[in-house]
Amino acid sequence: MQTFDLILRNGTAVTPSGIAKTDIGVRDGRIAAIGDLGAASAADEIDAWGLTVLPGIIDTQVHFREPGLEYKEDLATGTAAAAQGGVVAVFEMPNTKPSTTSDADIADKLARAKGRAWVDHAFFLGAAADNVEHLAEWERLPGCAGIKVFMGSSTGSLLVSDDATLARVLAAGFRRIAVHCEDEERLAERKHLVEGGAHPRLHPEWRDAETALKATRRLVGLAEAARRRVHVLHVTTAEEMAFLADHKDFATVETTPQHLTLAAPECYDRLGTYAQMNPPIRDARHREALWQAVADGVVDVLGSDHAPHTREEKDKPYPQSPSGMTGVQTLVPLMLDHINAGRLSLERFVDLMCAGPARIFNIRGKGRIAVGYDADFTVVDMKADRVITNAWIESRCGWTPFDGKRVTGWPTATIIRGRMVMRDGQLLGSPAGEPVRFGESG
Ligand code: DOR
């Protein structure tokens, strides 16, 4: 008789062969069998009857603030939020204090995460004018997700705004370069629109669609010249999606749940600076174009761009208020609600959150329910009727722009390499997240 460490019984699993009711057997942290496991025994069993078993959801864009800004978030609170939200792995951004720009900075973050991170993790190496010559070497370090470039200034001081330095970054190494595309020159030219105080409704006027498109065009032109693929983060405009659809051979594309859910001007009237992020939430025309790009397959991945700031900071008058909002914990419930509303399929969601990250970042052993892969599962109840509240938020800052939003669909368990980390809203055991493993070639 077959024996396993864990069996998930009778769940409806989203596998590469389709959606099917099946048992899944786990041994030594990996998926060992998929199918009817009948009389097989296991140390632990989960009755997944009535539940949907997804491959572990991977959030490839979060900001967790450690080191240096732990009063907003740290690796323990940020990853607890991920686990509560059904996320099994996160890629964390380099705009901490100090910025993550060296081999020592990556090693420091990995050491801080050990024994404190609830979920698996990797860290982006920030590109800067003074570390370009090391990028090809350091991007290969274990636990490094790839390279991050800020073309326009946002939170923190990381910035590569000129074409010559960008071309040097693109010429070095092979890992995926993830880029925040807002044109720094145009941002500076238009800053006068909000300087001295304005309503946050003006945020998408200052950082307008042209600001984003201009940077995306420049980046993709340089990427083509360098024959290097780039990953365009949080794409927010109809015009960029049209452009990127013509450049898929060099660009992969991310958008965010908040850009798919909120729209200007309503969100600024209702939430004020709590709706302020970079690039901004835009009007319904852009939001519709993002949904069309999801439907057309132009979008490869969704990232939460989880970017916590305290209420005290967010309550400052615009534009002194910092940009960013929490998101890692609300990504799954929001998107399940969109699935239930018929805006995308469950299969497309798995493609965006599991296959997409694995394909773009060359992740080893994650991203699908298949024998031999890590036993990572996001177990969801597609019928659960719940309300997102600030009280549920694990992030140190304690708020979400979706407070009070009623959703259908909720994560009920997070399983990472065969260990149950969250069940029915309770974190279980101790933090045992590990670095995500990556392939050695481009
Ligand atoms: O709104 C944002 N907040 N956009 C970014 O690019 C950075 C982020 C943050 O770290 O606060």
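Attention here is on the structure that accompanies the text. (Residues numbered from 1 in each chain as written. Predicted model: local features only at pLDDT ≥ 70, side-chain atom pairs only at ≥ 80, totals over all residues. Heavy atoms only, no water.)

**A look at the packing of aromatic side chains**
Item 1. Taken as a whole and judged by the stated rule, the model has six aromatic pairs.
Item 2. Plain terms: the ring middles of Phe91 and Phe124 are 6.1 Å apart, the flat faces sit at 70° to each other, and that makes the pair edge-to-face. Residue Phe91 is found in strand E7 (residues 87-92), and its partner Phe124 is found in strand E8 (residues 120-126); the two are separated by 33 residues along the sequence.
Item 3. A connected cluster of aromatic rings, assembled from ring pairs, spans Phe91, Phe124, Phe361 and Phe438.
Item 4. Directly above the aromatic system of Trp49 lies the positively charged group of Lys21, at a separation of 3.5 Å from the ring centroid. (Phe/Tyr/Trp six-rings, centres within 6.5 Å; stacked < 30°, edge-to-face > 60°. Helix = DSSP H or I, 4+ residues; strand = E, 2+ residues; numbered from the N terminus. Lys NZ or Arg CZ within 6 Å of the ring centre and 35° of its normal.)

**Describing the site of the ligand**
Item 1. Taken together, 13 residues lie around the ligand, and Arg65, Asn95, Thr155, Asn278 and Ser323 are the ones closest in.
Item 2. His63 is positioned with one of its side-chain polar atoms (N or O) 3.3 Å from an oxygen atom of the ligand.
Item 3. Burial of the ligand by the surrounding chains reaches 100%, relative to a free accessible area of 290 Å². (Near = heavy atom within 4 Å. Polar contact = N/O pair within 3.5 Å; in protein donor to acceptor, adjacent residues only side chain to side chain. Areas by Shrake-Rupley, 256 points an atom, 1.4 Å probe, with all protein chains shown as cover.)

**Structural notes on the pattern of salt bridges**
Item 1. Enumeration according to the criterion identifies 33 salt bridges in this entry.
Item 2. A salt bridge links Asp300 to Arg359, with the nearest nitrogen and oxygen atoms 2.9 Å apart. Taken together, the residues span a long stretch of sequence, with Asp300 in the loop between helix H11 (284-296) and strand E13 (301-302) and Arg359 in helix H14 (residues 346-361) at a distance of 59 residues.
Item 3. For Asp300, a relative accessible area of 8% puts it in the buried group.
Item 4. Residue class for Arg359 comes out partly exposed when judged on its relative accessible area of 46%.
Item 5. If you follow the salt bridges from partner to partner, you end up with Arg30, Asp120, Lys366, Asp374, Asp376, Arg417, Glu434 and Arg437 in one network. (Salt bridge = Lys/Arg side-chain N within 4 Å of Asp/Glu carboxyl O. Buried < 20%, exposed > 50% of the residue type's maximum accessible area, 1.4 Å probe, protein only.)

**A word on helix H8 (residues 238-245)**
Item 1. Within H8, burial applies to Ala238, Glu240, Met241, Phe243 and Leu244.
Item 2. Elements that come into contact with the buried residues of H8 comprise helix H7 (209-226), strand E11 (230-232), strand E12 (251-255) and H11. (Contact = heavy atoms within 4.5 Å.)

**Quick word on the packing of helix H13 (residues 331-340) against H14**
Item 1. Taken N-terminus to C-terminus, the directions of H13 and H14 make an angle of 150°; their axes are 10 Å apart at the nearest point. In this view, H13 runs roughly antiparallel relative to H14, as classed from their interaxial angle. Where H13 crosses over H14, the handedness of that crossing is right-handed. Together, Leu331, Val332, Met335, Leu336 and Ile339 of H13 and Leu346, Phe349 and Met353 of H14 make up the contact between the two elements. (Axes fitted to C-alpha atoms, helices over the stretch in contact; angles between N-to-C directions. Parallel < 35°, antiparallel > 145°, perpendicular 65-115°, else oblique. Left-handed = near helix turned anticlockwise from the far one by under 90°.)

**Notes on the nonpolar core**
Note on soluble globular proteins: their nonpolar side chains tend to be buried together.
Item 1. With 91 residues, the main nonpolar core has Ile57, Phe91, Val149 and Phe349 as its most contacted residues.
Item 2. Sorting elements by how many residues they give to this core places H14 first, with nine residues.
Item 3. Excluding its chain neighbours within four sequence positions, the residues that come into contact with Phe91 are Ile58, Asp59, Thr60, Gln61, Val62, Ala122, Phe124, Ala145, Phe361, Ile363, Val436 and Phe438.
Item 4. Counting 20 residues, the second-largest nonpolar core is a separate cluster that includes Leu334, Ala384, Ile388 and Trp399. (Core = buried A, V, L, I, M, F, W, Y, C linked by side-chain atoms within 4.5 Å.)

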